[in-house]
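Chains, contacts and geometry: an overview
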Amino acid sequence: MPLSISLTINGNRHDTLLDDARATLLDVLRERIGLTGTKKGCDRGQCGACTVLVDGRRINACLTLAASVDGATITTIEGLARDGELHPVQAAFIENDGFQCGYCTPGQIMSAVGLIAEGDAGDDPERIREGMSGNICRCAAYPGITQAVLDAQR
Ligand code: FES
């Protein structure tokens, strides 16, 4: 029996009928809502490519049942820039070459936004690396990523 859920994504309400109650938030975002900025890497909680904010907290969308976040407010990479202006974290990633191939970048940026909002990153690169450790970059752009998080806090 289809399940009705309501999500507020990047400020817009989406009422969605799920045919399968086991649908993940990642698949709903990408395949039902059409927000393909959130990437599917491992689909098992190991790479962080699917990181989004749910009620302001970082989560792996591939491990989250869409039904379990019914009523939540979700921010994806598409929701960061405002009025043509990049979010400071997006700008810092560009400024610091915090990417190479770019596939992990939406997840890295969403994780960085969440980490900064948690107020736990500070100006210690080691703490930032620890805070970002759930986001894997196969190109190993870690120095630029860490510097981008540092810069975005200033
Ligand atoms: Fe979700 Fe890798 S796709 S953690």
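Quick notes on the rules
- Residues numbered from 1 in each chain as written.
- Predicted model: local features only at pLDDT ≥ 70, side-chain atom pairs only at ≥ 80, totals over all residues.
- pLDDT = per-residue confidence, 0-100.
- Core = buried A, V, L, I, M, F, W, Y, C linked by C-beta atoms within 7 Å.
- Buried ≥ 20, exposed ≤ 12 C-beta atoms within 10 Å, placed from the backbone.
- Helix = DSSP H or I, 4+ residues; strand = E, 2+ residues; numbered from the N terminus.
- Domains from an automatic or database assignment.
- Contact = placed C-beta atoms within 7 Å.
- Pairing = 2+ DSSP bridges.
- Axes fitted to C-alpha atoms, helices over the stretch in contact; angles between N-to-C directions.
- Arc of directions from axis to C-beta.
- Nonpolar A, V, L, I, M, F, W, Y, C, P; charged D, E, K, R; others polar.
- Parallel < 35°, antiparallel > 145°, perpendicular 65-115°, else oblique.
- Left-handed = near helix turned anticlockwise from the far one by under 90°.

**Quick notes on the confidence of the model for the chain**
Here the chain shows a mean pLDDT of 96. Residues at 70 or above account for 100%. Both scores are given for the predicted complex: the pTM is 0.96, the ipTM 0.98.

**Structural notes on the nonpolar core**
Within the largest apolar cluster, 41 residues are counted, with the highest numbers of intra-cluster contacts made by Ala61, Ala112 and Val149. For this core, the secondary-structure elements that each account for two or more residues are strand S1 (3-9), helix H1 (25-33), strand S3 (51-54), helix H2 (88-95), helix H3 (105-118) and helix H5 (142-152). No fewer than three residues from each of domain 1 (3-78) and domain 2 (88-152) sit in this core. In this structure, Ala112 is in contact with Val89, Met132, Ala148, Val149 and Ala152, ignoring residues within four places of it in sequence.

**What about the sheet that holds S3?**
Where strands meet in a sheet, backbone hydrogen bonds hold them as pairs that are either parallel or antiparallel. With respect to topology, five strands assemble into an open sheet ordered S2-S1-S5-S3-S4, the strand pairing being mixed. With partners counted over all chains shown, the strands left at the sheet margins are strand S2 (12-18) and strand S4 (57-60), one partner each. On average, each strand axis in the sheet is inclined to that of its neighbour by 40°, with strand direction left out of account. Examined bridge by bridge, S1 and strand S5 (residues 73-75) share two bridges and lie parallel to one another.

**Side note on H2**
Residues of H2 that are buried: Val89, Gln90, Ala92 and Phe93. One side of H2 carries all its buried residues, which in axial view fall inside an arc of 165°. Contact partners of the buried residues in H2: H3 and H5. The positive-phi residue at the C-terminal boundary of H2 is Asp97, with phi of around 50°.

**Re the domain arrangement of the chain**
Taken domain by domain, the chain consists of domain 1 (3-78) and domain 2 (88-152). Here the C-alpha centre of domain 2 lies 21 Å away from the C-alpha centre of domain 1. Tallying the contact residues gives 15 residues for domain 1 and 13 residues for domain 2. When contributions to the side of domain 1 that touches domain 2 are tallied by element, the ones reaching two or more residues are S3 and S4. Its residues assigned to classes, the side of domain 1 that touches domain 2 comprises six nonpolar, six polar and three charged.

**Digging into the packing of H2 against H3**
At a minimum axis distance of 9 Å, the contact between H2 and H3 shows a crossing angle of 125°. Judged by the inter-axis angle, H2 sits oblique to H3. At the point where H2 passes H3, the crossing takes the right-handed sense. Mapping the contact onto sequence places Val89, Gln90 and Phe93 in H2 and Thr105, Ile109, Ala112 and Val113 in H3. Class assignment of the residues belonging to the contact of H2 with H3 gives a composition of five nonpolar, two polar and no charged.

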